[in-house]
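# Descriptive analysis of the structure
Here are the chains, one letter per residue:
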Amino acid sequence: MKKIIFILLFQATLINAQTSFIIDDFSSKFYAKIFIDDSSNSIEKFGKTTIYKKTDNTVLIAVDSVSYIHDFINNKEKITDNGKLKYSKQSLIIFDDFNFDKLPDIAIFNGNYSCYSGPSYEVYLYKNNQFEYNQDFTNLVINNCGFFEVNTSEMQLATFTKSGCCFHSSSKYKVVNDFPVEIEREESTYLSHPSFLQVSKYKLVNDSLNSISSKTFYDPVEGDVAEVLSFELEKNKKKVVVFSSENFNLNYVLLKSKDEVEFNFPVLKNDVQNNTFTFTINLLSFTNKKVKYEIFQEISNKKITKIGINIYQNGKKTVLNGITKTIKGNLNDLQEMTLENLILKSK
């Protein structure tokens, strides 16, 4: 069924400081009346939306709202929709098939109870020739940012939510017996110290959501991350980066393709027992879980001629050589830096 999301206000009257609107073009069977208490000068208005049957004017649904936004009613740009659902601009009535049974359902604006005081709705499914309130579909709105998206071709619903700047989550649902079942979720968390984007993906397998996580290296604000040295390894073209975050903490990261993090040190930003680097000229070392790492460089005529990593584990030494033409920076720049987890030593 083609999605119909709209609102057309063609009659507005002011009676005893009460504004009324009639909306009658969203269905051939139903129409709506919107009443708004216009007695105060507040931006937010109290009101009610009532759905009627056209044949005999029977009341089917009545929903109170405690925060009709006056500009939301009177600004045509905000009360119409261009086919894309955005939680900051949505209609008062959404008339569509939410459970994919080929019968149009209805959602009615009831205030600003979704995330960050975004618009919220009561959702009614059309069952047995009447609209029945559905708490599960209503929760998809309340627990996220605005109304969910309806993908008729895939027979899926999609939601989005966030917490501040640093956590975003999007989910997809299938509908089983009028119940939305989460089948996919992707959560992105922006971390600092060090600066990583943590991405966790979940997929429904055998009635449970399985998780796959990855981390991506990023610079959240220009200048927060100061790269000291970077180079690629000969064996696998993975990238080594030594950097300071917010000018007080030294970090090491080994990157796979597309800046995906394979290993980083320190592992935990608050692990004061295991976050220290030691530097002597041309050599930076640290130890993680009884494995010692040494990033080394050799210099001739003020130019780095050799670079790589020595790894000491279980009495064995492994050398990972770097590609000199990929070098950016110089370990010896650490001599001029004052960092909380860096110990400077002379040979």
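The structure presented is a predicted model; accordingly, all values stated were derived computationally and were not measured. Residue numbers here run from 1 along each chain, matching the order of that chain's written sequence. Selection of residues for local features in this predicted model requires a pLDDT of at least 70, selection of side-chain atom pairs for listing and counting requires 80 or more, and totals for whole chains, interfaces and linings are taken over all residues. No hydrogens and no water enter the side-chain calculation; it runs on all heavy atoms of the structure.

### Details of the pairing of strand β22 (residues 283-288)
The test is simple: Note on pairing: two strands pair once DSSP finds at least 2 bridges between them. Numbering of helices and strands runs from the N terminus, with a helix taken as a DSSP run of H or I at least four residues long and a strand as a DSSP run of E at least two residues long.
Summarising the sheet, strand β21 (residues 277-280) and β22 pair through three bridges and their orientation is antiparallel. Looking at the pairing, Thr 280 lines up with Leu 283 of β22. With six bridges joining them, β22 and strand β23 (residues 291-300) adopt antiparallel strand pairing. Following the sheet pairing, Leu 284 is matched in β23 by Ile 295. In this antiparallel pair of consecutive strands, β22 and β23, the connection spans two residues, and Lys 289 shows a positive phi of 50 degrees.

### What to know about the state of the cysteines
What counts, and what does not: Note on terminology: disulfide denotes any pair of cysteine sulfur atoms within 2.5 Å. We call a residue buried when its accessible area falls under 20% of the maximum for its residue type, exposed when it is over 50%, and partly exposed in between, using a 1.4 Å probe and counting protein chains only.
Following the criterion strictly, the structure yields one disulfide and no others. Put simply, Cys 115 and Cys 145 are joined by a disulfide, and their sulfur atoms are 1.7 Å apart. Measuring handedness by torsion sign, the sulfur bridge of Cys 115 and Cys 145 sits at about 110 degrees and is right-handed. In this pair, Cys 115 sits in the loop between β8 (105-114) and β9 (118-127) while Cys 145 sits in the loop between α3 (135-142) and β11 (149-151), placing the two residues 30 residues apart along the sequence. Cys 145 shares its class with Cys 115; the two are buried.

### Points about the nonpolar core
Convention followed: By nonpolar core we mean a set of buried residues, namely Ala, Val, Leu, Ile, Met, Phe, Trp, Tyr and Cys, connected to one another through side-chain atoms within 4.5 Å. Residue contacts are counted whenever heavy atoms from the two residues lie within 4.5 Å of one another.
Among the nonpolar cores identified, the biggest contains 27 residues, and Phe 231, Leu 250, Tyr 252, Leu 284, Ile 295 and Ile 309 are the most heavily contacted of them. Mapped onto this core, the elements with two or more residues apiece are β17 (225-232), β18 (239-245), β19 (249-255), β20 (261-265), β21, β22, β23 and β24 (303-313). In terms of residue count, β24 provides more of this core than any other element does, four residues in total. In this view, Leu 284 contacts Val 242, Leu 250, Phe 277, Thr 278, Phe 279, Tyr 293, Glu 294, Ile 295, Leu 331, Leu 334 and Leu 342; residues no more than four positions away in its chain are not counted.

### What to know about the environment of Ser 65
Structurally, Ser 65 can be placed in strand β6 (residues 59-69). As for Ser 65 and Phe 109, which are separated by 44 residues in sequence, their C-alpha atoms are 7.2 Å apart. Among residues more than four places away in sequence, those in contact with Ser 65 are Lys 45, Phe 46, Gly 47, Phe 109, Asn 110 and Gly 111.

### Overview of unusual backbone geometry
Backbone phi values are negative for most residues with the exception of glycine, while trans is the configuration of most peptide bonds. The omega angle of the peptide bond from Phe 265 to Pro 266 is 0 degrees, so this bond is cis rather than trans. With respect to the helices and strands, Pro 266 occurs in the loop between β20 and β21. At Lys 102, a residue that is not glycine, the phi angle is positive and equals roughly 70 degrees. Inspection of the secondary structure assignment puts Lys 102 in the loop between β7 (93-96) and β8. Phi at Asn 314 is positive, roughly 55 degrees, even though this residue is not glycine. Here Asn 314 shows up in the loop between β24 and β25 (316-321).

### Regarding a nonpolar patch on the surface
This is how it is decided: A patch consists of residues whose relative accessible area exceeds 30% and which take part in no salt bridge; residues with like charges are grouped when within 9 Å of each other, and nonpolar side chains (Val, Leu, Ile, Met, Phe, Trp, Tyr) when within 5 Å. To measure how exposed things are, a 1.4 Å probe is used in the Shrake-Rupley method; for residues, cover is taken only from the protein chains shown. Within this document, salt bridges are pairs made up of a side-chain nitrogen of Lys or Arg and a carboxyl oxygen of Asp or Glu, the two lying within 4 Å of each other.
A grouping of Phe 46, Val 66, Tyr 113 and Ile 142 is seen on the molecular surface, where their side chains present a nonpolar patch of about 370 Å² in accessible area. Tyr 113 gets classed as partly exposed once you look at its relative accessible area, which sits at 43%.

### Describing the side chain of Glu 294
Which entries qualify depends on this criterion: In protein, a polar contact means a hydrogen-donor-capable atom and an acceptor-capable atom, both N or O and within 3.5 Å, with residues adjacent in sequence counting only if both atoms are side-chain atoms; elsewhere, any N or O pair within 3.5 Å suffices.
Topologically, Glu 294 is positioned in strand β23. Among the residues examined, Glu 294 registers a relative accessible area of 11% and is labelled buried. Reaching out from Glu 294, the side chain makes a polar contact with the side chain of Tyr 312 at a distance of 3.2 Å. Discounting residues that sit within four places of it in the chain, Glu 294 has contacts with Leu 283, Leu 284, Ser 285, Gly 308, Ile 309, Asn 310 and Tyr 312.

### Regarding the confidence of the model for the protein chain
For residues with low pLDDT, the predicted coordinates do not support detailed interpretation. The condition that has to hold: On a scale of 0 to 100, pLDDT captures the predictor's confidence in every residue.
The predicted model of the protein chain has a mean per-residue pLDDT of 83, with 82% of residues at 70 or higher. Every residue in residues 1-15 scores below 50 in pLDDT, and together they form 46 contacts with partners more than four places removed in sequence or on other chains. Confidence drops under pLDDT 50 across residues 75-90; counting only partners more than four residues distant or on other chains, this segment forms 32 contacts.

### What to know about the packing of aromatic side chains
What counts is decided by this rule: Pairing of aromatic side chains requires ring centres within 6.5 Å, counting the rings of Phe and Tyr and the six-membered ring of Trp. Pairs whose planes differ by under 30 degrees are stacked, by over 60 edge-to-face, and all others tilted.
All chains considered together, the criterion is met by 20 aromatic pairs. Between Phe 26 and Phe 95, the aromatic rings sit 5.4 Å apart at their centres with planes inclined by 70 degrees, giving edge-to-face as the arrangement. You can see Phe 26 sitting in the loop between β3 (18-23) and β4 (30-37) and its partner Phe 95 sitting in strand β7, a full 69 residues away along the chain. Accessibility classification places Phe 26 together with Phe 95 in one group, the buried group. Centre to centre, the rings of Phe 265 and Phe 277 are 5.2 Å apart; their planes meet at 80 degrees, and the pair counts as edge-to-face. Linking Phe 265 in strand β20 with Phe 277 in strand β21, this pair joins segments that are 12 residues apart in sequence. This pair shows no difference in class: Phe 265 is buried, exactly as Phe 277 is.

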